[in-house]
Every structure is written in C-alpha cells, then in structure tokens.
Amino acid sequence: MLVSALPNDVTAAAAETGTADPVRGTAHGKVILFGEHAVVYGVPALAVGIDRGAWAQVDVRAATGADEVSVLHVRGWDVTVRDDAGEDGPPLARAFRDVLAATRKDQRATGRVPVGTVHVEAEADLPPGGGLGCSAALGVAVARAVDPSASAESIAARVDAWERVFHGNPSGIDAAVASAGGCVLFTRGKGDEPSTIERVRLSETLHLCIGHSGQASSTKSMVESVARIRERRPEITQKTFDAIHTLVKNARLAIVDHDLRAIGQLLDLNQMLLSGLFLSTPEIKQMCATAHTAGALGAKLTGAGGGGCVVALVFDAARGANVLAAWKAEGFDGFAATVKAEVQDVREILQKLHERVIAAGSP
Ligand code: PMV
C-alpha cells in the first residue's frame, strides 16, 4: 500500500472528534510497456507504475453532516465538482459520485460506518488523455483518501465505477497499476472472473522517456475503434492479438533478465502491431524514429494511441536526456521516468549468480 497505515474508520472517527490530520491517498501514473488494447480481449499486459501520479487529501474536519454535498477540487485544473450530479453532469462529478457510492456500499456491507460528507482536495501530475492513466490515478488517490483502510482489491473495484464514466469498458489495468506500482502482469478476468495482477520483479532499474505527441486521445473512442476493426476483420485482428500475446510472454522474460536490447526490440514490434490497428499517428511515428536516432533501444505508443504518449527505453539517464532533448528540438514535451528495481532476497541473488556461472561454463 502506498498510503501509510491508518486505523479503521479514521474518516468517520475524525468527523466525530474533529481532531485527525487530513488523510492523504497517493497513486502512480502507469505506462503500458506491452499489450494495450489486446488486454481488453483477455491478453495479459505488462505495465509499470511510474514515479509520477496523483494525490488526494480528505479534509475530515469539513465532514459536518448528511445534508451537505461532498466536494472534489482538482488543483492545477482548478475544477470543483459535487457528488449530487445527475446523469447529465460533468464526467468528473459523476465519477466522484460513483466512487463515493461504491465506497459507502462496501462499508455498509462489511458493517462499517459509511463515510459522511467529504471535502477532497486532489492533484494529478500527469497529462490527461495522455495514456498514462491520469483518471485512474486520480480515482485511486481519491478512493484511498476517502477510505484509507480499504484493501488494494477493494480500491481497484471502487475505481472501476469511476473509470467506467470515462472509459466505457475499461480493462482495469490503469487502476491496478495506479494502486500497485512496480512492474505488473495484468490479465483481465473473463465474465464474472476477477482480473489477476502478478508482480514482475525488476532486478535493475528501468530508465524510460515519456514524450507527449501533443494530441489528446480518447481511450473510449480508441477502444471502440479497435472493436469495430475486430467486428469487420475478426481473424486478422485475432492474429494481431495472438502476436501481441507472444510478445508479452517474451517481454516478461526479458524484463526479469534485464535484457534491455531484447525489451527494446519487442517494444518496436509491439508498435508495429499497434500501427496495424490504426492506433499510431504521424507524430507518434516521428517520435519513435527520433528516439531511436537519439539512442533509444526501442519505442512505442503507450495506452490508447491515436495521440497521447510515446514510451522509449534507454540504457541510462544520460541517454534519456539525449532523447528528451531530441524530442524537445522537434517540439515534443517529455520527461524521464524510472522504475526502481525491487530489493531481492540475498539467496535469490546468489542463486542467479550461480545459474550464470553454470551457464557460462556450459559448452
Ligand atoms: O490510455 P489509457 O491510459 O487510458 O490506457 C488505455 C489502455 C487500453 O488497453 C487501450 C484500454 C484498457 O482499458 O485497457
């Protein structure tokens, strides 16, 4: 969990006493390295939580009674929404309403005091419509701040209600990564089956460059466009998804082995397959080519495509700076992101070394 451990029902308790500090929830932005779109149809996807994301803070002292409306203010966008929105209300208001309703429903079902009126202050440090899971990160941060003792699974389920407002038929990968961070293999559950999320351990830090194409993209319309292609040409689309599935399996091995060249090649192949689904744009193509010229090992669109962001893999921070400078010279904004290696058990490191020694000694 990203949020520091807090006692149960802290919001309700604080509303009664008016003494607790504001409760803060945080969440990661996500970068899909492999498998976007195919993930909607059950292919696993590999994604990482980056060191940029969103936070939300609940002013528990402002929770004064049932007759008052709850309010969410998103700093930076300077947008304020209320939870009494109707179906024609702005999407953010409906998402806020739905995540609060899902939270209260869960709390009642488990015999807890449902959260009262809340005043939430939030901020997202991610470009909206950029394919970095901005809406899910904001949703996770809000859901966490409102109910800090909820499990990661409950938070993800509640944020599904929030994400449906923006994305129609979300796979759930954004919310899962926003919540978990690190590198994960996400598989959407079929029918009523729950989705699964498996941690993929990084042995060394990954250095990424994220660049914005300058065009906002709508996940909902890009997912719908792939659905239309799939309806018209089911066999070819299935072949593309199968090829992406193979890439994902190989990429997982390459990530675990920290084989950067292989990861780079697989990123390029995934970009080619996504272009075949008409998800690339001339700007995305240009950014991938520029990243390569500046020393990137591989590059592709990330997220919905049709605009949004490009992710490039680099050896180290210095090469990353070259890619960012090359993008900037062409008018594309970007930033460096790292995904930190996870601490390994000493026995695991020794075992790996042992395997390498045996492999090096074998004929
Ligand atoms: O662009 P984003 O961050 O919303 O990512 C969309 C990822 C898709 O696979 C295209 C859709 C989904 O729900 O998984």
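Please refer to the structure placed before this passage.
Residues numbered from 1 in each chain as written. Predicted model: local features only at pLDDT ≥ 70, side-chain atom pairs only at ≥ 80, totals over all residues. Heavy atoms only, no water.

K.L.:
How should the overall build of the chain be read in this particular structure?
P.N.:
Assigned secondary structure in the chain consists of 11 helices and 11 strands. For the chain, buried positions account for 50% of its 363 residues. For the chain, the share of sequence-separated contacts (at least 6 apart) that also reach a separation of at least 24 residues comes to 71%. Accessible surface, the chain as shown: approximately 16,500 Å² in total, 54% of it carbon and sulfur. (Helix = DSSP H or I, 4+ residues; strand = E, 2+ residues; numbered from the N terminus. Buried < 20%, exposed > 50% of the residue type's maximum accessible area, 1.4 Å probe, protein only. Contact = heavy atoms within 4.5 Å. Areas by Shrake-Rupley, 256 points an atom, 1.4 Å probe, with all protein chains shown as cover.)

K.L.:
Before we go on, may I ask you to explain the site of the ligand in this structure?
P.N.:
Around the ligand there are 18 residues in total, and Lys30, His37, Ser171, Thr219 and Ala304 lie nearest to it. The contact in question runs from an oxygen atom of the ligand to an N or O atom on the side chain of Asp174, over 3.2 Å. Contacts to the ligand include Ala304, whose backbone N or O atom sits 3.0 Å from an oxygen atom. The protein chains hide 96% of the 380 Å² of surface that the ligand would expose on its own. (Near = heavy atom within 4 Å. Polar contact = N/O pair within 3.5 Å; in protein donor to acceptor, adjacent residues only side chain to side chain.)

K.L.:
Sorry if this is basic, but what is going on with the nonpolar core here?
P.N.:
One broad rule of soluble globular proteins: the nonpolar side chains tend to lie buried together. If you look at the biggest cluster of nonpolar residues, it comprises 93 residues, and the most contacted ones within it are Phe34, Leu72, Val142 and Trp162. The greatest single-element share of this core, amounting to nine residues, is contributed by helix α3 (residues 134–146). Val142 has contacts with Ala56, Leu72, Phe96, Val99, Val120, Ala122 and Trp162, leaving out every residue within four places of it along the chain. (Core = buried A, V, L, I, M, F, W, Y, C linked by side-chain atoms within 4.5 Å.)

K.L.:
What am I meant to see in the pattern of salt bridges here?
P.N.:
A side chain of one charge can pair with a side chain of the opposite charge when the charged atoms of the two come close. Counted by the stated rule, this structure contains 14 salt bridges. Residues Lys300 and Glu36 are paired through a salt bridge, measuring 2.8 Å at the closest nitrogen-oxygen approach. Of this pair, Lys300 sits in strand β9 (residues 298–302) while Glu36 sits in the loop between β1 (23–34) and β2 (45–58); the two residues are 264 residues apart in sequence, bridging distant segments of the chain. In this structure, Asp147 engages Arg112 in a salt bridge whose closest nitrogen and oxygen atoms are separated by 2.8 Å. In this pair, Asp147 is assigned in the loop between α3 and α4 (152–167) and Arg112 in the loop between α2 (91–109) and β5 (119–124), connecting sequence segments 35 residues apart. An identical accessibility class is assigned to Asp147 and Arg112; each is buried. Through salt bridges with shared partners, a single ionic network connects Asp106, Arg112, Asp147 and Arg158. (Salt bridge = Lys/Arg side-chain N within 4 Å of Asp/Glu carboxyl O.)

K.L.:
Mind showing me how you'd approach the packing of α3 against helix α5 (residues 173–180) here?
P.N.:
Describing two packed helices takes the angle between their axes plus the distance from one axis to the other. Packing of α3 against α5 brings their axes to within 8 Å, and their N-to-C directions diverge by 55°. One element, α3, and the other, α5, form an angle in the oblique class. For the crossing formed where α3 meets α5, the hand is right-handed. Residue-level contacts link Ala136, Ala137, Val140 and Arg144 of α3 to Asp174, Ala175, Ala178 and Ser179 of α5. The residue makeup of the contact of α3 with α5, split by class, is five nonpolar, one polar and two charged. (Axes fitted to C-alpha atoms, helices over the stretch in contact; angles between N-to-C directions. Parallel < 35°, antiparallel > 145°, perpendicular 65-115°, else oblique. Left-handed = near helix turned anticlockwise from the far one by under 90°. Nonpolar A, V, L, I, M, F, W, Y, C, P; charged D, E, K, R; others polar.)

K.L.:
Whenever I open this one, α2 confuses me. Can you help?
P.N.:
Residues lying three or four places apart along an α-helix face the same way, a consequence of the helix completing one turn every 3.6 residues. Between its first and last C-alpha atoms α2 spans 27 Å; for 19 residues at 1.5 Å apiece the expected length is 27 Å, and the two agree. Leu92, Ala93, Arg94, Ala95, Phe96, Arg97, Val99, Leu100, Ala102, Thr103, Arg104 and Gln107 are the residues of α2 that are buried. Structurally, α2 contributes buried residues whose contacts are with β3 (71–74), β4 (79–82), β5, α3 and α4. Positioned one or two residues after α2, Gly111 has a phi angle of 75°, which is positive. (Expected span 1.5 Å × (residues − 1).)

K.L.:
When you look at unusual backbone geometry in this model, what are you seeing that I'm missing?
P.N.:
Peptide bonds are, in most cases, trans, and in most cases residues other than glycine have a negative phi. Phi at His258 takes a positive value of approximately 50°, unusual for a residue other than glycine. For His258, the location among the structural elements is in the loop between α7 (234–256) and α8 (260–276). For Phe278, which is not glycine, the phi dihedral falls at a positive 60°. Within the secondary structure, Phe278 sits in the loop between α8 and α9 (282–293).

K.L.:
Please clarify how the sheet that holds strand β8 (residues 206–212) should be interpreted in this entry.
P.N.:
In a beta sheet, neighbouring strands pair by backbone hydrogen bonds and run either parallel or antiparallel. Ordered in space as β9-β10-β8-β11, the four strands form an open sheet in which the pairing is antiparallel. Each end of this open sheet is capped by a strand with a single partner; those strands are β9 and β11 (334–339). The sheet shows a mean angle of 25° between the axes of neighbouring strands, taken without regard to direction. Of the pairings in the sheet, the one linking β8 to β11 comprises six bridges and is antiparallel in character. Among the inter-strand pairings, Gly211 is bridged to a residue of β11, identified as Gly334. In the packing of α8 onto the sheet, contacts are made with β8, β9 and β10 (309–314), and the angle to β9 comes to roughly 45°. Running at roughly 10° to β8, helix α10 (residues 317–329) makes contact with β8, β10 and β11 of the sheet. (Pairing = 2+ DSSP bridges.)

K.L.:
What should I look at first to understand the environment of Glu153 in this one?
P.N.:
When you line up the elements, Glu153 lands in helix α4. Sequence separation between Glu153 and Ala180 is 27 residues; the distance between their C-alpha atoms is 9.9 Å.

K.L.:
Help me understand the packing of aromatic side chains, please; the structure alone is not making it clear to me.
P.N.:
By convention here, two paired aromatic rings are described through the distance between centres and the angle between planes. Taken as a whole and judged by the stated rule, the model has two aromatic pairs. Measuring from ring centre to ring centre gives 5.1 Å for Tyr41 and Phe241, while their planes differ by 20°; the resulting arrangement is stacked. Taken together, the positions of Tyr41 in the loop between β1 and β2 and Phe241 in helix α7 put the pair 200 residues apart, joining distant regions of the chain. The exposure class of Tyr41 is partly exposed, given its relative accessible area of 28%. Aromatic pair Trp162 and Phe166: ring centres 6.1 Å apart, planes at 50°, arrangement tilted. Placement of both Trp162 and Phe166 in helix α4 is noted, with a separation of four residues, approximately one turn of the helix. The buried category is assigned to Trp162, whose relative accessible area is 0%. We note Arg24 situated over the ring of Trp55; from NZ or CZ to the ring centre the distance is 4.1 Å. Geometry around Phe335 places Arg52 over its ring, the cationic atom sitting 3.9 Å from the centre. (Phe/Tyr/Trp six-rings, centres within 6.5 Å; stacked < 30°, edge-to-face > 60°. Lys NZ or Arg CZ within 6 Å of the ring centre and 35° of its normal.)

What is shown is where atoms sit, not what they do.
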